[in-house]
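Read off the chains here:
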Amino acid sequence: MTGGHTMFRPPAEAGSVLIRVADGCPHNSCAFCAMYRGVPYQAHDRDTVASRIDLAAARDPDARRIFLADGDVLALPTELLETILAKTRAAFPRLSRVNCYASGQALAGKNDAELASLREKGMHTLYLGLESGCAETLRRMAKGGSLDETVAGCVRAGRAGLSVSVMVLIGIGGQELSASHASLTADALNAMQPAMLSCLRLVPIPGTALADRIADGRFVQLTEEQSVRELRDIVSRLDLTRTVFRADHSSNILPLAGRLPRDKTRLLAELDELLQCGALDKDTPGPMPVAL
């Protein structure tokens, strides 16, 4: 906790120095997310950010990785981001990369020159929640922005030298849109060619619009077996040329990891083995983690 609310970061940033440069998320309306509910979005002033960087450098002067929080830091003005990157580079002599959350809307708001400048000044990895490649699923989940701008933004970021780590949610289309979600998500990922791909299972969070829809029957969750089958459908359709793949979050039923395309056959075989073993719940979503 800092600034009165929880600081979130991707699992891969567990060993990074965390520096908050903004509060909340500029969109903050996704039906499935409660990360920043009740937190007004605002960028922190330069002096506050500079003091936090200095404090972090005093505590860990040899740090090599920094994660800038909160949600969608890429949405900050480019000039402010460049100032922050220059400050971190000066304060941490061994720094190799600075990473942050991003959105399709934020990418659409940055031109190619701005993305290239951010990469040149030290930005390395953008964590992007695609969630689904199905436009109707995204609409129902109030994701914001457009699928086209998200896909195009990922491609432009890659061309600028930035690594993009994309997250998709297994089960976000529910039973009604599962087939469309699987096929169209694979199509979007094939167009994006992300450096990293994480597949997490949808976990309903109490108090969200999605939880309300589940409670009154408007959204029917996938069973445990259907979730594994949907993940298999997505993986089987992927045509990625150089992507680190992860489905080993606590929400996942079967921990999976590999590199695509090299490990695609193995990943599918592991999923097929699980589907054929008869141990998966065919009637309910099965056990869920208590918290993400």
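Here, every reference points to the structure presented above.
Everything quoted here is computed from the prediction, not taken from an experiment. (Residues numbered from 1 in each chain as written. Predicted model: local features only at pLDDT ≥ 70, side-chain atom pairs only at ≥ 80, totals over all residues. Heavy atoms only, no water.)

Student: What's the story with helix α10 (residues 264-276) in this structure? I'm lost.
Tutor: Residues lying three or four places apart along an α-helix face the same way, a consequence of the helix completing one turn every 3.6 residues. With 13 residues, α10 ought to run about 18 Å at 1.5 Å a step, and its terminal C-alpha atoms sit 18 Å apart, in line with that. Residues of α10 that are buried make contact with α9 (224-237), β9 (243-247) and β10 (256-260). With its phi angle positive at about 80°, Gly-278 sits one or two positions after the end of α10. (Helix = DSSP H or I, 4+ residues; strand = E, 2+ residues; numbered from the N terminus. Expected span 1.5 Å × (residues − 1). Contact = heavy atoms within 4.5 Å.)

Student: Is there a simple way to think about the pattern of salt bridges in this case?
Tutor: Opposite charge on two side chains permits them to pair, given that their charged atoms come into close proximity. Within this structure, the stated rule accounts for 18 salt bridges. Notably, a salt bridge pairs Arg-232 with Asp-272, separated by 2.5 Å at the nearest N-O pair. With Arg-232 in helix α9 and Asp-272 in helix α10, the pair connects residues that are 40 residues apart, well separated along the chain. Relative accessible area serves as the criterion here: at 22%, Arg-232 is assigned to the partly exposed category. (Salt bridge = Lys/Arg side-chain N within 4 Å of Asp/Glu carboxyl O. Buried < 20%, exposed > 50% of the residue type's maximum accessible area, 1.4 Å probe, protein only.)

Student: How do you make sense of the sheet that holds β9 when you look at a structure like this?
Tutor: Within a beta sheet, neighbouring strands are joined by backbone hydrogen bonds and run either parallel or antiparallel to one another. Spatial strand order, β1-β4-β5-β6-β7-β8-β9-β10: eight strands in an open sheet with mixed pairing. With partners counted over all chains shown, the strands left at the sheet margins are β1 (17-20) and β10, one partner each. Geometrically, the sheet is characterised by an average inter-axis angle of 20° between neighbouring strands, direction not taken into account. As paired elements, strand β4 (residues 65-69) and strand β5 (residues 97-102) share four bridges and run parallel to each other. Residue pairing across strands places Ile-66 opposite Val-98, the latter belonging to β5. Where α9 meets the sheet, it contacts β7 (163-170), β8 (196-201), β9 and β10, and its direction lies at approximately 145° from that of β7. Where α10 meets the sheet, its contacts fall on β9 and β10, and the angle it forms with β10 comes to roughly 155°. (Pairing = 2+ DSSP bridges. Axes fitted to C-alpha atoms, helices over the stretch in contact; angles between N-to-C directions.)

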